[in-house]
Amino acid sequence: MPSRHRGTSSADSLPAAELMSDLRTTIVHAAEGRAQGDPSQAPIELTAFHVSSGDPAEVPLSYGRYGTTTWTALERALGEIENARALTFASGMAAATALLLALTEQTQRVVAPRDGYYTVRLLLERLRSTGRGIDPVLVDLMDVDSVRTALAVGPALLWAESPTNPLLRVCDLGALSRIAAELGSAMIVDNTLLTPLLQRPLELGATASFVSLTKATSGHSDLLLGAVTTRDDDLYARLVTWRTLTGGIPGPVEAWLALRGMRTLALRLERQCANAQQIAEFLRAHGRVRRVHYPGLDEDPWARAQMPAGFGPMLSFELDGNAADADAAVERARIIRPATSFGGIDSTWERRARWTGESAPPSLIRLSVGVEHIEDLIADIDQALGS
Ligand SMILES: *Cc1c(COP(=O)(O)O)cnc(C)c1O
């Protein structure tokens, strides 16, 4: 670290962005205070209101639903990582809801992936079936021509997700964003699985990027939160309005934990991606495994270009057997715990088709790879699968 980062003269409190050429440095220092007397970390502010009088638009902080300093630190950090403005929410789904409300003010059509995050699909369907004026069109995002056809009908919101789960399918986000721009549609990318360190939706042309901070970004399986980042000031303002009106604000303790967890995101992902790659290769050669899904096994050059720093912490595989065999394997693990969710430092897995509405093959197991030692993980998987 250059010595200019130390010391307390006023020049040292200038942003050091130009010195931080790598996001792995930025994430350690994002939104930190460096003036005399600043705390090392933004404090947890437990308050329902801030003392204020006069025009609320002129005071920095007033009622708690409009903002607290704890979220502001998390939002500044997320914004610095994506070179954008960030807004945090009570959960990923609260963020998704605000995005849907803000981006369907002009158009009611939403073009979304058939294999996108299940709860987002349920929300779209519920908004449609209860007559809220949302018109979802489900497509296969790998089929760029079908996306073009769906968007050519008229402006829509394009909701994209890559890689999908549990099949880890990768779509060409750059191509999709060019089509969306050409046809006057906004595009959202659900970037939960890879996080802003492994995939850069805004640089690929997305209007906004969305993450459930619950997963790898916070990384310790101890909170639920969501975030949206965008470079569009008008969209940002509309999201603030929708968050304030619907009340899906982050809790200060969760916001503090998320920022603390995020500081080590680069380190965690390095280990998780390396572990996932080795496990994917191990499983591909395993006698009891029919098929492995992991983008790191794929040789597609554009997919590699879209995820230059790693392929993420999640993979899935189809056991050579039936649902009961897969359930038994999941139960036999001694280190990996059975659970849904993913991205944490602790490895978890589950048979996906245990969820109603999941279209994955019956023997498919989704594995979220943590930061444990690779030999222990492989030994646990090997004994759980049996021979
Ligand atoms: C978990 C998740 C969400 C929803 O986030 P919550 O924090 O659970 O509300 C959305 N998209 C993806 C891809 C997710 O994994």
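Scroll up to find the structure.
Nothing here was measured: the structure is a model prediction, and the numbers come from that model.

Trainee: Describe the pattern of salt bridges, listing the residues and the values that go with them.
Mentor: Under the definition given, this model contains 20 salt bridges. Members of the salt-bridge network, linked through shared partners, are E350, R352, R354, E358 and R366.

Trainee: Could you give an account of the pairing of strand β1 (residues 85-89), with specific residues and numbers?
Mentor: Residues in a regular strand point their side chains to alternate faces of the sheet. With four of its five residues buried, β1 lies for the most part within the structure. Where β1 lies against strand β7 (residues 226-230), five bridges are found, and the strand directions are antiparallel. Across the sheet, residue L87 finds its bridge partner in β7, namely V228.

Trainee: Outline the sheet that holds strand β12 (residues 364-368), supporting the account with residue identities and numerical values.
Mentor: Here five strands make up an open sheet; going across it, the order is β8-β9-β12-β11-β10 and the pairing mixed. In this open sheet, the two strands that pair with only one neighbour each are β8 (289-293) and β10 (337-338). Relative to strand β9 (residues 314-319), β8 is paired through four bridges, and the arrangement is antiparallel. Bridge assignment links R291 to a residue of β9, and that residue is E318. Contacting β9, β10, β11 (348-351) and β12, helix α12 (residues 323-332) runs over the sheet at an angle of about 160° to β11.

Trainee: Outline the site of the ligand, listing residues and values.
Mentor: The environment of the ligand is made up of 13 residues, and the closest members are M93, D190, S212, T214 and K215. In the environment of the ligand, a nitrogen atom lies 2.7 Å from a nitrogen or oxygen atom belonging to the side chain of D190. In isolation the ligand has 380 Å² of accessible area, and contact with the protein removes 94% of it. Taken together, the elements giving at least two residues each to the shell around the ligand come down to α3 (92-103) and β6 (208-212). Each residue belonging to the shell around the ligand can be placed in one class, and the counts come to five nonpolar, five polar and three charged.

Trainee: Lay out the sheet that holds β6 in plain terms, naming residues and giving numbers.
Mentor: If you trace the seven strands from one edge of the open sheet to the other, you get β1-β7-β6-β5-β4-β2-β3, paired in mixed fashion. Unpaired on one side and paired on the other, β1 and β3 (135-139) mark the two borders of the sheet. The average undirected angle you get between the axes of adjacent strands in this sheet is 20°. Note: strand β5 (residues 186-190) against β6, three bridges, orientation parallel. Note on β6: the bridge partner recorded for D190 is F210. Across the face of the sheet, helix α5 (residues 144-152) comes into contact with β2 (109-113), β3 and β4 (157-161) while running at roughly 160° to β3. Contacting β4 and β5, helix α6 (residues 173-182) crosses the sheet at an angle of about 155° to β5.

So, how was this worked out
Residues numbered from 1 in each chain as written. Predicted model: local features only at pLDDT ≥ 70, side-chain atom pairs only at ≥ 80, totals over all residues. Heavy atoms only, no water. Salt bridge = Lys/Arg side-chain N within 4 Å of Asp/Glu carboxyl O. Buried < 20%, exposed > 50% of the residue type's maximum accessible area, 1.4 Å probe, protein only. Helix = DSSP H or I, 4+ residues; strand = E, 2+ residues; numbered from the N terminus. Pairing = 2+ DSSP bridges. Contact = heavy atoms within 4.5 Å. Axes fitted to C-alpha atoms, helices over the stretch in contact; angles between N-to-C directions. Near = heavy atom within 4 Å. Polar contact = N/O pair within 3.5 Å; in protein donor to acceptor, adjacent residues only side chain to side chain. Areas by Shrake-Rupley, 256 points an atom, 1.4 Å probe, with all protein chains shown as cover. Nonpolar A, V, L, I, M, F, W, Y, C, P; charged D, E, K, R; others polar.

Just geometry here; none of it tells us what the structure is for.
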